[in-house]
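Chain and residue survey
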Amino acid sequence: MSNRTARRTHSFTESLIRDMTRVARAHGAVNLAQGFPDFPAPQLLKDAACRAIQDDVNQYAVTWGTPSLRAALARKYREWYGMDVDEDREITVSCGATEAMAAVMLALVDPGDEVIVLEPFYENYGPDAVLCGARPVYLTLTPPEFRLDPERLRSLVTKRTRAIVLNTPNNPTGRVFGQEEMEAVADVCREHDVLAVTDEIYEHILYEGSHVPLATFPGMRDRTVVVSGLSKTFSVTGWRIGTIVAPPVLTSAIRKVHDFLTVGAPAPLQEACAAGLDGLGPDYYEGMTRAYAERRDVLHAGLAETGFECAKPEGAYYILAGFSSHSALDDVAFSRWMAKECGVAPVPGSCFFGRPEDGRDLVRFAFCKRTATLERAVERLRAFFG
Ligand code: GLN
């Protein structure tokens with residue numbers, strides 16, 4: 001049989017992030033590559049999931065999300081952000097924020113459209129754009145501040161610009177974009193009739209101040225699609241519960257794509273996430289932030305002390321680090337070498353850039369791990385690079 005594959009698959013590779021998890025396993029390395037916790041999920045969620053399964057909530061949920069979860073999400077958006085969200089017409093539950101981003105792009109972006117993506121960017125946005133035939137246009141932010149320059153953003157807008165993707169708190173830079181930067185995005189969206197697609201999956205993981213959704217900026221609610229999910233908030237990345245909030249016209253299109261891609265997210269786990277949103281209060285969220293701040297400090301100190309060049313993240317749970325004082329290898333070779341020889345696995349920086357060479361001196365470390373795991377990693381870094 002001939003070995004023909006569709007052209008749309010030819011311009012991107014498999015995920016380097018998930019590849020490094022396999023490399024870490026093969027070498028018994030501490031996996032600071034793919035961002036998933038190694039500590040338990042909240043007991044309340046686990047009990048609610050088991051109960052739902054025992055109660056035989058085991059068939060398809062409503063395709064766009066089980067009523068209890070959509071109601072809990074509408075409450076969340078009202079209580080946290082003062083947003084009025086109609087759970088019947090404006091919320092879609094997807095299989096993780098990953099499916100959410102793909103479904104949103106497929107529903108709202110036409111072939112030939114341009115999508116502005118802040119670079120470095122979470123790996124998935126490139127393939128998401130390619131899969132819908134769009135062209136990603138990168139707004140490159142430069143280290144160490146990674147600030148968004150409004151003039152440069154404006155200079156990238158053309159007649160074909162359909163959407164701007166904004167991820168804050170940001171993976172991989174750790175930035176939490178400030179009021180002025182957010183306003184610049186909002187201004188461009190309003191002036192040029194462009195959509196904002198915001199990835200807010202780390203909305204509850206930030207170390208100073210609070211998260212402000214772009215959708216709450218004047219005139220933005222009608223032109224913003226808010227993507228998030230419970231993976232990071234409740235440490236259940238394997239449950240695949242993502243969420244999308246968008247105005248009704250956009251939601252109708254997104255729901256159609258979602259329905260034919262996956263039908264729906266796991267029914268019992270949606271019930272459990274609803275129980276988590278309803279049952280976990282300020283103590284849970286404060287405790288989570290405190291624990292992440294401690295983990296961040298352990299890893300940041302360890303990396304800085306062993307010669308990696310890195311800033312302390314303002315949010316999310318990653319540290320992007322320069323390794324040029326250690327090696328002239330490229331980022332992929334260096335990551336594999338580190339996993340094998342040092343026993344700590346990072347993610348190659350090139351997967352966060354449109355041109356791989358722009359990330360060749362960078363690696364990303366995730367610190368969503370027990371403090372003991374991070375201390376073990378730091379001991380290995382000291383023994384190897386110290
Ligand atoms: N967001 C996580 C990361 O950047 C992983 C997400 C995934 O693999 N789906 O590592």
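That block above? That's the structure.
The sections below set out a description of the structure shown in this document. (Residues numbered from 1 in each chain as written. Predicted model: local features only at pLDDT ≥ 70, side-chain atom pairs only at ≥ 80, totals over all residues. Heavy atoms only, no water.)

Brief notes about the site of the ligand
Close contacts around the ligand come from Ile17, Arg18, Gln34, Gly35, Thr98, Tyr122, Asn171, Tyr202, Lys232, Tyr318 and Arg364, and that covers them all. Lys232 places a side-chain nitrogen or oxygen 3.2 Å from a nitrogen atom of the ligand. Within the side chain of Arg364, an N or O atom sits 2.8 Å from an oxygen atom of the ligand. Expressed as a share of its isolated accessible area of 290 Å², the protein-covered part of the ligand is 89%. A per-class count over the shell around the ligand returns four nonpolar, four polar and three charged. (Near = heavy atom within 4 Å. Polar contact = N/O pair within 3.5 Å; in protein donor to acceptor, adjacent residues only side chain to side chain. Areas by Shrake-Rupley, 256 points an atom, 1.4 Å probe, with all protein chains shown as cover. Nonpolar A, V, L, I, M, F, W, Y, C, P; charged D, E, K, R; others polar.)

Considering the pairing of strand 8 (residues 242–245)
Neither face of strand 8 is left uncovered, since the one carrying Gly242 and Ile244 and the one carrying Thr243 and Val245 both have all their residues buried. Note that strand 2 (residues 91–94) and strand 8 share four bridges and pair antiparallel. Among the inter-strand pairings, Val93 is bridged to a residue of strand 8, identified as Thr243. Note that strand 7 (residues 224–229) and strand 8 share four bridges and pair antiparallel. Residue Val226 lies in a different strand from strand 8, and its bridge partner there is Val245. (Buried < 20%, exposed > 50% of the residue type's maximum accessible area, 1.4 Å probe, protein only. Helix = DSSP H or I, 4+ residues; strand = E, 2+ residues; numbered from the N terminus. Pairing = 2+ DSSP bridges.)

Some points on the environment of Val332
Along the chain, Val332 turns up in helix 11 (residues 331–342). When the C-alpha positions of Val332 and Pro348 are compared, they lie 5.1 Å apart, and in sequence the two are 16 residues distant. Dropping the residues within four chain positions of it, Val332 is found in contact with Leu16, Pro348 and Ser350. (Contact = heavy atoms within 4.5 Å.)

Things to note about unusual backbone geometry
Each neighbour pair has its own omega, and for Glu119 with Pro120 the value is 5°, a cis peptide bond. With respect to the helices and strands, the residue Pro120 is situated in the loop between strand 3 (114–119) and helix 5 (125–131). Here the bond from Asn171 into Pro172 is cis, since omega is 15°, no more than 30 degrees from zero. Positionally, Pro172 belongs in the loop between strand 5 (161–167) and helix 7 (179–192). The backbone of Asp56 sits at a positive phi, close to 65°, despite the residue not being glycine.

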